[in-house]
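The residues making up each chain are set out below.
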Amino acid sequence: MKRIISLSLICTLLLMGCGNAQKHSAQTPEETINAAFTALKELDMTTFNTYTNNKSEGCHLFSDLSRRPSDNAYYSLAEAVVEDLSWEIHEVQIEGDTATANVTIHNKDFSNTMGIFVTDLITKISDNIDENKSLKSLIHDSTKEAIRSPEVLLPYLQNCEDSFAVEVSIVLKKTDDTWKIQLNDSLCNNLTGNLGSDNFSKDVAEKISAAEELLTRNIERWSITFEKNINRQISE
């Protein structure tokens, strides 16, 4: 069945961060990786953006949080996402203004966590279908509530016990004597614990499918009831 709720949309809107005036000095590719990833753990996005192409290539990790993190409800979500982030730099090769680093990234694995969250969201929509309310409006309202109320997602992140370690090849480019990490979707996903992944375990995938099937049946029931109500109003 076609996914009714866009997981990637939810994750994109939830993955927000903050700015910070703190700076780290980095002269080598190794120092750049350490400075950038340390900044990410501290949610110091000013420094992170200094040593990556975060704002220029469309990754936009944690880009839209308020510059006053204590006032922003999404800050706790971002903290949970990077709390267990760690890394090991194994080897760096430099050719002119390009460097390639072999790095192992460790983090919590939130892929199943998001699957469970989406399952619960679909179930909530299914349980609240009412013949007197627009289905489109119900899905829209439920999705907006999930996005605007980060406390709904936070317990799912905090209760996650899965973790992963992955070896990645990180490319850095030197511009104006500053090395910058060249982010891509895969690296961004690793840094944020597979938060936007739809590579669920078999068990979670089955739960999502069951929730979607239940929603489909309820939509069909709602459609029949809605049609009957319309016909009754026309005949009166």
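Keep in mind that this is a model prediction, so the values were computed, not measured.

### A word on the environment of Val-166
(1) Moving on: Mapped onto the elements, Val-166 comes out in strand β3 (residues 163–175).
(2) Moving on: C-alpha separation for the pair Val-166 and Val-103, spaced 63 residues apart in sequence, amounts to 8.3 Å.
(3) Moving on: Contact partners of Val-166, with chain neighbours within four places excluded, come to Val-103, Thr-104, Ile-105 and Asn-190.

### Section: the pairing of strand β1 (residues 86–95)
(1) Moving on: Strand direction decides the pairing type here: β1 and strand β2 (residues 98–108), joined by nine bridges, are antiparallel. By the bridge assignment, Glu-95 is partnered in β2 with Thr-98.
(2) Moving on: Counting the residues in the hairpin turn of β1 and β2 gives two residues, including Gly-96, whose phi is positive at 65°.

### Overview of unusual backbone geometry
(1) Moving on: The backbone of Leu-43 shows a phi angle near 55°, a positive value even though the residue is not glycine.
(2) Moving on: With respect to the element layout, Leu-43 can be found in the loop between α2 (29–41) and α3 (45–50).
(3) Moving on: Take Leu-43: its relative accessible area is 1%, and that puts it in the buried class.
(4) Moving on: One non-glycine residue, Asp-177, adopts positive backbone phi at about 65°.
(5) Moving on: Mapped onto the fold, Asp-177 is located in the loop between β3 and β4 (178–181).

### Structural notes on the packing of aromatic side chains
(1) Moving on: Tallying each qualifying case throughout the model produces two aromatic pairs.
(2) Moving on: Ring geometry for Phe-37 against Trp-87: centres 5.4 Å apart, planes inclined by 85°, an arrangement best described as edge-to-face. One end of the pair, Phe-37, is in helix α2; the other, Trp-87, is in strand β1, with 50 residues separating them in the sequence.
(3) Moving on: Relative accessible area serves as the criterion here: at 0%, Phe-37 is assigned to the buried category.
(4) Moving on: Ring centres of Phe-117 and Tyr-156 lie 5.3 Å apart, and the angle between their planes is 80°; on these two criteria the pair is classed as edge-to-face. Here Tyr-156 lies in helix α7 (residues 154–158) and Phe-117 lies in helix α5 (residues 111–127), a separation of 39 residues in the sequence.
(5) Moving on: What makes Tyr-156 partly exposed here is its relative accessible area of 24%.

Thresholds, definitions, all that
- Residues numbered from 1 in each chain as written.
- Predicted model: local features only at pLDDT ≥ 70, side-chain atom pairs only at ≥ 80, totals over all residues.
- Heavy atoms only, no water.
- Helix = DSSP H or I, 4+ residues; strand = E, 2+ residues; numbered from the N terminus.
- Contact = heavy atoms within 4.5 Å.
- Pairing = 2+ DSSP bridges.
- Buried < 20%, exposed > 50% of the residue type's maximum accessible area, 1.4 Å probe, protein only.
- Phe/Tyr/Trp six-rings, centres within 6.5 Å; stacked < 30°, edge-to-face > 60°.

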